[in-house]
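Chains, contacts and geometry: an overview
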Amino acid sequence: MAVKSGSFLGVILFMFSLLATAQDINSFSAISPDSVAHVPVHKAQLIPLPIVYYTPETHLVYGLLGAFLFRAGANARTSNVDVAAIYTQNHQLVIDPVL
């Protein structure tokens, strides 16, 4: 009995959606401009994420996605640079920078 990879991915995504929680509406409060100025600014953050999936052509694929988040200034929006490195069971290595 074969399991299609699409249905397996759907089950995995459904399991992760069960872990998501909504914010309580009562926890929101008005933020004054004075309090925003005192919020510490994180200069940079690296978030590693595992990658695992299956395709009929390459079989099992596993690797790592690194998301590098940073701000150029205190009032700047958060920028990101993503790099993915994956390896397949067909001995293929793919390194993909996503700008």
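See the structure printed just above.
Everything numeric in this text was worked out from a predicted model, so none of it was measured. (Residues numbered from 1 in each chain as written. Predicted model: local features only at pLDDT ≥ 70, side-chain atom pairs only at ≥ 80, totals over all residues. Heavy atoms only, no water.)

**A look at the overall build of the protein chain**
- Helix and strand counts for the protein chain stand at two helices and four strands.
- Ordered by position from N to C terminus, the α and β elements of the protein chain give α-α-β-β-β-β.
- At a minimum sequence separation of 6, the contacts of the protein chain that also span at least 24 residues come to 28%.
- Roughly 8,600 Å² of accessible area belongs to the protein chain as shown, and the carbon and sulfur atoms make up 66% of that amount. (Helix = DSSP H or I, 4+ residues; strand = E, 2+ residues; numbered from the N terminus. Contact = heavy atoms within 4.5 Å. Areas by Shrake-Rupley, 256 points an atom, 1.4 Å probe, with all protein chains shown as cover.)

**Observations concerning a nonpolar patch on the surface**
- On the surface, a nonpolar cluster with roughly 400 Å² of combined accessible area is contributed by Val52, Tyr54, Leu60 and Tyr62.
- Contributions of two or more residues to the nonpolar patch are made by β1 (44-55) and β2 (59-70).
- Summarising the element assignment, Leu60 is placed in strand β2. (Patch = residues over 30% accessible without salt bridge, like charges linked within 9 Å, V, L, I, M, F, W, Y side chains within 5 Å. Salt bridge = Lys/Arg side-chain N within 4 Å of Asp/Glu carboxyl O.)

**Structural notes on the pairing of β2**
- The pairing of β1 with β2 spans twelve bridges and is classified as antiparallel. Paired with Val52 across the strands is Tyr62, a residue of β2.
- The antiparallel pairing of β1 with β2 creates a hairpin that spans three residues between the two strands.
- Here ten bridges tie β2 to strand β3 (residues 79-88), and the two strands are oriented antiparallel to one another. If you follow Gly66 over to β3, its bridge partner there is Val83. (Pairing = 2+ DSSP bridges.)

**So, the side chain of Thr88**
- Tracing the sequence through the fold places Thr88 in strand β3.
- You can call Thr88 buried: its relative accessible area is 4%.
- Polar contacts involving the side chain of Thr88 include one to the main-chain amide nitrogen of Asn90, which spans 3.2 Å.
- Discounting chain neighbours no more than four positions away, the residues touching Thr88 are Thr58, Leu60 and Val61. (Buried < 20%, exposed > 50% of the residue type's maximum accessible area, 1.4 Å probe, protein only. Polar contact = N/O pair within 3.5 Å; in protein donor to acceptor, adjacent residues only side chain to side chain.)

**Looking at the environment of Asn90**
- Examined against the element boundaries, Asn90 turns out to sit in the loop between β3 and β4 (93-98).
- Judged by relative accessible area, Asn90 falls into the partly exposed class, the value being 34%.
- Separated by 31 residues in the primary sequence, Asn90 and His59 place their C-alpha atoms 7.3 Å from one another.
- The contact partners of Asn90, leaving out residues within four places of it in the chain, are Glu57, Thr58 and His59.

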